[in-house]
Amino acid sequence: MTALDTAVDMTTALGTAPLGSPVLTASGCSAFGQELEPFVDLAGLGAVVTKSVQLRPRSGRPTPRMAETPSGMLNSIGLQGPGIEGLLAGELPWLAQRGVPAFVSIAGTRVEDFAELAARLRGVPGVLGLEVNISCPNVESRGEVFACDPVAASEVVSAVRAAADPAQPVYAKLSPDVTDIVSVARAVSEAGADGLSMINTLLGLVIDPDTMKPVLGGVTGGLSGPAVRPVAVRCVWQVHAALPEVPILGMGGIRTGLDALQFVLAGASAVSVGTAVFHDPSATARVHRELAEALAARGFSSLREAVGYAHR
Amino acid sequence: MTSYLTEPAAPAAQPPVQREVAVLAARPVGAYVELTLAAPEIADRAQPGQFVAFAVGGPMTAHLLRRSIAIAGVDAGPGAGTVTVVVAPHGPGSTWLAQRRVGDAVDVVGPLGRPFPLPDPGVPALLVGGGYGAAALVGLASLLRARGSRVLAVTGAADAARLCSVAELGEVADVVAVTTDDGSAGRPGRVTVAVAELIGEAGIAYACGPMPMLRAVADAATAAGVPSYVAVEESMACGIGVCMTCVLPVVGEDGLTRFSRSCTEGPVFGGDRVRFADVGALPWDVVGADAMGVVAP
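Worth saying up front: this structure is predicted, and the values here are computed from it rather than measured.

Chemist: Kindly report on unusual backbone geometry, identifying the contributing residues and their values.
Modeler: Residues and elements named next belong to chain A. Each neighbour pair has its own omega, and for threonine 63 with proline 64 the value is -5°, a cis peptide bond. Here proline 64 is to be found in the loop between β4 (48-49) and β5 (66-69). Note the cis peptide between methionine 198 and isoleucine 199, where omega equals 15°. On the secondary structure map, isoleucine 199 appears in the loop between β10 (195-198) and β11 (202-205). In this structure, leucine 79 is a non-glycine residue whose phi angle is positive, near 55°.

Quick look at the structure:
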């Protein structure tokens, strides 16, 4: 740490939940945090955003599950995970014992699934809040995710907010695969979302020129990585411009502190580092350091001063 | 419940590290390039069967996914601290790696994955390597030999240029059988011919190479009542257990099949526990398949 970066106040919040760092893992990109322990000080992260959990254990989709694409990748995991029982018995206590805040991503196929998950997570030690994954493209209905329909998205968010611990902020994770992301953002905010996570992956497809068939077992997959970053920054910008009071957790292709800075300037008060972790398992800690240096170099004394600065 | 000849491989004793390391030597070997890296912390920790994961293309690369490659050799002696890998250039990432020269720096994470479980001292072992997969068996051969095992090695490839580590295995193994599909070196044909002849002399079998070969070796060993361990080469994005892309249907200790990560739960699996016929499918009896809408017929 240099004197330069310690000078910047990097504290922020997800809704009412304070964060020591604005840099978090991204759902689906760091499992439940345990595997990163050799590489980063997990307790120094803003939070570990867990892989999306559902009510029951899920196998996920058959392989092949990924394809490398220019500055990105396509994945079709299908939300493989232990289910809420497994999470409550294993992963969440592991994080809590180490003082690592958990932002738990929840997913389901019915509104009631989301509400039940939120209820099961009430008062669980170490659970800072909930990210409601209404936008995973790797679900049975594919393009027809909740987040593509303001009404369906609002129903989920409203049910989760009603069932969740009042002390746990509820963030809705939005899809960029919509005509007007601001209308979805407004709808879920009015339905009770304490904040917005933007963006989930974009639905994509890669065909193998040798087999002349889709590469992924699931045919389509979610595109992530630096290739999607301008789309993500645009979404954050548009939503912050329309709803400046709604906190945003920004993600989508963040690889460096300067990438994170773009999200902050566009209006994000915290960021998740996702696919970059596959490339560099210590990326979260590095992005925090680089962001602090970048803020200091631009004369900011706190992260909060920089949030939305590009609009001013 | 079916009984199994193998126990699942245990996790490694020590966690991995991430380091930027220098290339000490780059040597063409047939169709491959052998890279020796100055990586003392990885060398100290590595056990046979483990692998390392490379970032490729430099800091601003458009190829974000790590390239996972088996550790072919380790020199952990004082003043040494080197790790050797054999790179098979086939895509842009592995080609970039194969083009590294002495003095270049590479970002590497390792050692990763579970090492090969070892038999009781003195148990004779059959080691089968396909293509550059043979490199992953050299350290194991030395270790088994040091523990008093008779080591029978079989190495095969499509052609002579794709054979690997024949000399290295020859230095430590009691027997080295070589096969090539085109007959350009050793006996013409697949490794299975040699495996069939040698499996009766072995108390345990190990294999590393392409999936069809692993399946053939595991089947031959299981049929002969010999426990086998295979090191798989699944496509991995991260190598450290967070991306969930490298899963295979593997039968656990409790007899249930799960989609298991080849990186953290492998790459070494009991040969009789990998459901080779179901790779790339979602059988109904995989834990959590019901939640995907796949039900018992």
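Chemist: Any details on the UniProt feature "binding site: substrate" (unreviewed entry) in chain A? Residues and values, ideally.
Modeler: All names here are of chain A. Per the UniProt record, the feature "binding site: substrate" (unreviewed entry) sits at Lys51, Asn75, Ser76, Ile77, Gly78, Leu79, Asn133, Asn200 and Thr201. Among the structural elements, isoleucine 77 can be located in the loop between β6 (72-75) and α2 (83-97). Along the polypeptide, glycine 78 turns up in the loop between β6 and α2.

Chemist: Pulling in residues and values, what's your account of the interface of chain A and chain B?
Modeler: Contacts between the two partners involve 39 residues from chain A, matched on the other side by 41 residues from chain B. Carbon and sulfur atoms supply 61% of the area buried between chain A and chain B, which totals about 3200 Å² over both sides. Interface area lost by chain A to chain B is led by Glu68, Phe278 and His279 of chain A, which between them contribute 20%. Between the two partners, chain A and chain B, sit three salt bridges. In this structure, glutamate 35 of chain A engages arginine 261 of chain B in a salt bridge whose closest nitrogen and oxygen atoms are separated by 2.8 Å. If you look at where chain A meets chain B, you find 16 residue pairs in polar contact (both at pLDDT 80 or more).

Chemist: Can you tell me about helix α5 (residues 181-190) of chain A, naming the residues and giving the values?
Modeler: Residues and elements named next belong to chain A. Taken across its 10 residues, α5 has seven buried, putting it largely inside the fold. Listed as buried for α5 are Ile181, Val182, Val184, Ala185, Ala187, Val188 and Ser189. The backbone nitrogen of valine 182 has a side-chain oxygen 3.1 Å away, supplied by the residue at the start of α5, namely aspartate 180. Two residues or fewer after α5 comes glycine 192, characterised by a positive phi angle close to 115°.

Chemist: A description of the packing of α5 of chain A against helix α6 (residues 229-242) of chain A should follow, citing residues and the corresponding values.
Modeler: All names here are of chain A. Packing of α5 against α6 leaves a shortest axis separation of 9 Å and a crossing angle of 55°. In terms of orientation, α5 and α6 fall into the oblique class. Handedness of the crossing formed by α5 with α6: right-handed. For the pair α5 and α6, contact is made by Ile181, Val182, Ala185 and Arg186 and by Arg234, Cys235, Gln238, Val239 and Ala242, respectively. Taken together, the residues of the contact of α5 with α6 sort by class into six nonpolar, one polar and two charged.

Chemist: Would you mind going over the nonpolar core in detail, with residue names and values included?
Modeler: Residues Val104, Ile106, Leu130, Ile134 and Leu174 of chain A are the most contacted members of the largest nonpolar core, which totals 108 residues. Apart from residues lying up to four places away in sequence, valine 104 of chain A is in contact with Thr50, Val53, Leu87, Leu92, Leu121, Val127, Gly129, Leu130 and Glu131 of chain A. Counting 28 residues, the second-largest nonpolar core is a separate cluster that includes Ala125, Val138, Ala153 and Val268 of chain B.

Chemist: Can you break down the packing of aromatic side chains residue by residue, with the values?
Modeler: Counting across every chain of the model gives six aromatic pairs over all chains. The interplanar angle of 85° and the centroid separation of 5.6 Å between the aromatic rings of phenylalanine 103 of chain A and tyrosine 171 of chain A together place this pair among those described as edge-to-face. Here phenylalanine 103 of chain A is found in strand β7 (residues 102-106), whereas its partner tyrosine 171 of chain A is found in strand β9 (residues 170-174), with 68 residues between them in sequence. Just as phenylalanine 103 of chain A is buried, tyrosine 171 of chain A falls in that class too. Ring centres of phenylalanine 116 of chain B and tyrosine 206 of chain B lie 5.3 Å apart, and the angle between their planes is 80°; on these two criteria the pair is classed as edge-to-face. With phenylalanine 116 of chain B in the loop between β6 (105-112) and β7 (125-130) and tyrosine 206 of chain B in strand β11 (residues 204-208), this pair connects stretches of sequence that are 90 residues apart.

Chemist: Describe in detail the pairing of strand β14 (residues 220-224) of chain A, supporting the description with residues and values.
Modeler: Residues and elements named next belong to chain A. Counting buried residues in β14 gives four out of five residues, a clear majority hidden from the surface. Two strands pair when backbone bridges link them, and β11 and β14 are joined in this way by four bridges, in the antiparallel orientation. Across the sheet, the residue bridging to leucine 205 is threonine 220, located in β14.

What counts, and at which threshold
- Residues numbered from 1 in each chain as written.
- Chains lettered and ligands numbered in written order.
- Predicted model: local features only at pLDDT ≥ 70, side-chain atom pairs only at ≥ 80, totals over all residues.
- Heavy atoms only, no water.
- Helix = DSSP H or I, 4+ residues; strand = E, 2+ residues; numbered from the N terminus.
- UniProt positions renumbered as here; feature names shortened; annotations may be inferred.
- Contact = heavy atoms within 4.5 Å.
- Buried area = accessible area lost by both parts, 1.4 Å probe.
- Salt bridge = Lys/Arg side-chain N within 4 Å of Asp/Glu carboxyl O.
- Polar contact = N/O pair within 3.5 Å; in protein donor to acceptor, adjacent residues only side chain to side chain.
- Buried < 20%, exposed > 50% of the residue type's maximum accessible area, 1.4 Å probe, protein only.
- Axes fitted to C-alpha atoms, helices over the stretch in contact; angles between N-to-C directions.
- Parallel < 35°, antiparallel > 145°, perpendicular 65-115°, else oblique.
- Left-handed = near helix turned anticlockwise from the far one by under 90°.
- Nonpolar A, V, L, I, M, F, W, Y, C, P; charged D, E, K, R; others polar.
- Core = buried A, V, L, I, M, F, W, Y, C linked by side-chain atoms within 4.5 Å.
- Phe/Tyr/Trp six-rings, centres within 6.5 Å; stacked < 30°, edge-to-face > 60°.
- Pairing = 2+ DSSP bridges.

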